[in-house]
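# Structure at a glance
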Amino acid sequence: MGPARWLALGSILGLGALLQGRRLGPEDAGFGECDRFFYAETPPAGLAAAGHVKICQRSEGAERFATLYSTRDRTPVYSAFRAPGRAPRDAEERWVLEPQIDDPNSNLEEVINEADAITSVNNLGSKQALNTDYLDSDYQRGQLYPFSLSNDFHTATFTLTNAAPMTPSFQERWYMNLNSLMDRALTPQCGGGDDLYIITGAVPSAHKVKDKVSIPEFVWLAACCAIPGGGWAMGFVKHTRDGDVIEDVMVKDLEKLLPLNPQLFQNNCGETEQDTEKMKKILEIVNQVQDEERMVLSKESSRPPPSTESKKSALLPPGASEERSSFFGKLMGFIASPFIKLFQLICYLVVGILKSTVYFLWCVTKQVINGIESCLYRLGSATISYFLAIGEELASIPWKVLKVIMKIIRAVLRILCCLLKAVCRILGIPVRVFVDVATFPVYTMGAIPIVCKDIAVGLGGIISLLFDTAFGTVGGLFHVVFSVCKQIGYRVTFDNSGEL
């Protein structure tokens, strides 16, 4: 082991006083103070499992990011952080570990370097990766939350719970992708990043470094912009195979690629209010980042191997140099030199033409593919818009039918209300009136005989009175006449007697 590696192990004696990593127990619902690094303060649902440890990483009394760590794979499941800042580029790598992961009964609440942990932490390395696991291997400690995206001057991201095994070339391109996406796409399209939530994770494969630390099959990033009315959500996947570039995916598709099919953001990061125009701009920048990565890969693949001529010269015996220094060798070299130069020039021209032709064809193919992708994207967008419009109309039909039914019900209720008012007014009439009206025919029919009897009695009385009056008048007349006649007769008799 070289002195630089010993320096990386032993140069952070005072770092533990500045960095703190709070391990949360299974009884804790979330990540405690670090819940603010998640959208709606809600960690991803479905990723936590047995053997996973929740860590709230702190620095100088402030929370920096949250990590879900797998003690089985000795790699982080994910690290969550807010809008990235910019850290000093000349910071030294000072890797530390969490003592409470290997020793839950440890009184050390601060992170500690591996050299000091050997004597103070029980079962060191039983549940987490160590610096020595990466020594003399082809892998480096790749940060899921890169130091280049943090604004922490005390390198809180250099914890081994934030690292997964990565090859040097893959790590370089992963950091390049993250920096490009953050600076050129994600942060500018989210109002400067104040409402930007980032989760980066690694899915382990069956391969391990020194049969301990799982090598990722792929790493991923999920971003949620929570600007009201203008938010969005995007996902990215990068496989560890050589030659693979970073891929953009929808968050729902990313969740299907992850174990246990989790939900990364509550309510899918406000899916119903996402801004598709901003997502299109992000995809344009992603295409540029992918093209840049392809260029880097093509340059790496076109690097010439070590010169065979130099290898041959290194294998020549000592007498060969003396032969070359001979006059014959110089003469042959002088004669052959123009032909060699001409041959090299022709080869250079042929290679240059071939490279230019391949690059031209690649550019044409790229433009054609981009055109096809653009047409397909527009066609898909138009199709989706068409089906959305049809869906809205179909969805509005039950509402319109319900409105008609409500109007019919309201009309029926109005009719019933009018009927009730009429009934109430009818019921407001006194009952005696209804009784009198109802009994009027009965009383009328019952009074007819009595009235007829009274009329008959009256007519009989009238007739009897008329007869009585007539007989009385006739009797009176006879009595008067009789009386008059009687008087007249008495006087005649008296006068006659006097004469006698």
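Residues numbered from 1 in each chain as written. Predicted model: local features only at pLDDT ≥ 70, side-chain atom pairs only at ≥ 80, totals over all residues. Heavy atoms only, no water.

### Re helix H7 (residues 276–301)
Its 26 residues give H7 an end-to-end C-alpha distance of 37 Å, which sits within 8% of 38 Å, the value for a rise of 1.5 Å per residue. Turning to H7, its buried residues number three or more, namely Met 279, Ile 282, Ile 285, Val 286, Val 289, Gln 290, Asp 291, Glu 293 and Leu 297. One side-chain oxygen of the residue at the start of H7 lies 3.0 Å from the amide nitrogen of Glu 277, identifying that residue as Asp 275. (Helix = DSSP H or I, 4+ residues; strand = E, 2+ residues; numbered from the N terminus. Expected span 1.5 Å × (residues − 1). Buried < 20%, exposed > 50% of the residue type's maximum accessible area, 1.4 Å probe, protein only. Polar contact = N/O pair within 3.5 Å; in protein donor to acceptor, adjacent residues only side chain to side chain.)

### Section: the side chain of Asp 103
Relative to the elements of secondary structure, Asp 103 occurs in the loop between helix H2 (99–102) and helix H3 (114–120). Assessed through its relative accessible area of 11%, Asp 103 is described here as buried. Separated by 3.5 Å, the side chains of Asp 103 and Asn 122 make a polar contact. In contact with Asp 103, not counting residues within four places along its chain, are Val 121 and Asn 122. (Contact = heavy atoms within 4.5 Å.)

### Some details on the nonpolar core
Leu 186, Leu 196, Ile 198, Leu 221, Trp 232 and Phe 236 are the most contacted members of the largest nonpolar core, which totals 32 residues. Looking at this core, the elements with two or more residues in it are helix H4 (168–186), strand E7 (196–209), strand E8 (213–225), strand E9 (232–239) and H7. The dominant element in this core, judged by the number of residues it contributes, is H4, at eight residues. Setting aside residues up to four positions removed in sequence, Leu 186 forms contacts with Leu 181, Leu 196, Ile 198, Leu 221, Ala 223, Trp 232, Phe 236 and Ile 282. Listed in part, the 28 residues of the second largest apolar core include Leu 68, Ala 222, Val 249 and Val 251. (Core = buried A, V, L, I, M, F, W, Y, C linked by side-chain atoms within 4.5 Å.)

### Thoughts on the pattern of salt bridges
Within this structure, the stated rule accounts for twelve salt bridges. Arg 36 is the salt-bridge partner of Glu 63, the closest N and O atoms lying 3.9 Å from each other. In this pair, Glu 63 is assigned in strand E3 (residues 62–70) and Arg 36 in the loop between strand E1 (19–24) and strand E2 (52–59), connecting sequence segments 27 residues apart. What makes Arg 36 partly exposed here is its relative accessible area of 36%. Two residues, Asp 244 and Arg 241, come together in a salt bridge whose shortest N-O distance is 2.9 Å. Among the residues examined, Asp 244 registers a relative accessible area of 17% and is labelled buried. (Salt bridge = Lys/Arg side-chain N within 4 Å of Asp/Glu carboxyl O.)

### Focus on the packing of aromatic side chains
Applying the stated criterion across every chain yields a total of eleven aromatic pairs. Look at Tyr 386 and Phe 387: their rings are 5.7 Å apart centre to centre, the planes differ by 70°, and that puts the pair in the edge-to-face class. Since its relative accessible area comes to 52%, Tyr 386 is described here as exposed. Judged by centre distance (6.2 Å) and plane angle (20°), the ring pair of Phe 467 and Phe 471 falls under stacked. Here Phe 471 and Phe 467 lie together in helix H11 (residues 431–499), a separation of four residues that amounts to about one turn. Ring pairs connect the aromatic residues Phe 31, Phe 38 and Tyr 78, which therefore count as one cluster. (Phe/Tyr/Trp six-rings, centres within 6.5 Å; stacked < 30°, edge-to-face > 60°.)

### Some thoughts on a positive patch on the surface
Residues Lys 400, Lys 403, Lys 407, Arg 410 and Arg 414 make up a contiguous surface patch of positive charge. Note that Arg 410 resides in helix H10 (residues 327–428). (Patch = residues over 30% accessible without salt bridge, like charges linked within 9 Å, V, L, I, M, F, W, Y side chains within 5 Å. Areas by Shrake-Rupley, 256 points an atom, 1.4 Å probe, with all protein chains shown as cover. Lys, Arg positive; Asp, Glu negative; His and termini not counted. Charge placed at Lys NZ, Arg CZ, Asp CG, Glu CD.)

### Concerning the state of the cysteines
What the rule picks out here adds up to three disulfides. One disulfide bridge connects Cys 34 with Cys 56, the sulfur atoms lying 1.9 Å from each other. Linking Cys 34 and Cys 56, the disulfide has an S-S dihedral of approximately 75° and is accordingly described as right-handed. Of this pair, Cys 34 sits in the loop between E1 and E2 while Cys 56 sits in strand E2, and the two are 22 residues apart along the sequence. On the basis of relative accessibility, which here comes to 0%, the residue Cys 34 falls in the buried class. Among the residues examined, Cys 56 registers a relative accessible area of 0% and is labelled buried. The partner cysteine of Cys 190 in its disulfide is Cys 225, sulfur to sulfur 2.1 Å. Judged by the sign of its S-S torsion, about 95°, the cystine formed by Cys 190 and Cys 225 is right-handed. Note that Cys 190 is positioned in the loop between H4 and E7 and Cys 225 in strand E8, a separation of 35 residues in sequence. Note on Cys 190: relative accessible area 1%, which makes it buried. (Disulfide = S-S within 2.5 Å.)

### Focus: the packing of H4 against H7
Look at H4 against H7: their axes get within 10 Å of each other, and the N-to-C directions meet at 150°. Here H7 runs roughly antiparallel to H4, going by the angle between their axes. Along this stretch, H4 crosses H7, giving a crossing that reads as right-handed. The segment H4 lies against H7, with Arg 173, Met 176, Asn 177, Ser 180, Leu 181, Arg 184, Ala 185 and Leu 186 engaging Ile 282, Ile 285, Val 286, Gln 288, Val 289, Glu 292, Glu 293, Val 296 and Leu 297. Split into classes, the residues belonging to the contact of H4 with H7 amount to ten nonpolar, three polar and four charged. (Axes fitted to C-alpha atoms, helices over the stretch in contact; angles between N-to-C directions. Parallel < 35°, antiparallel > 145°, perpendicular 65-115°, else oblique. Left-handed = near helix turned anticlockwise from the far one by under 90°. Nonpolar A, V, L, I, M, F, W, Y, C, P; charged D, E, K, R; others polar.)

So, to be careful, I would describe these as geometric facts and stop short of saying anything about function.
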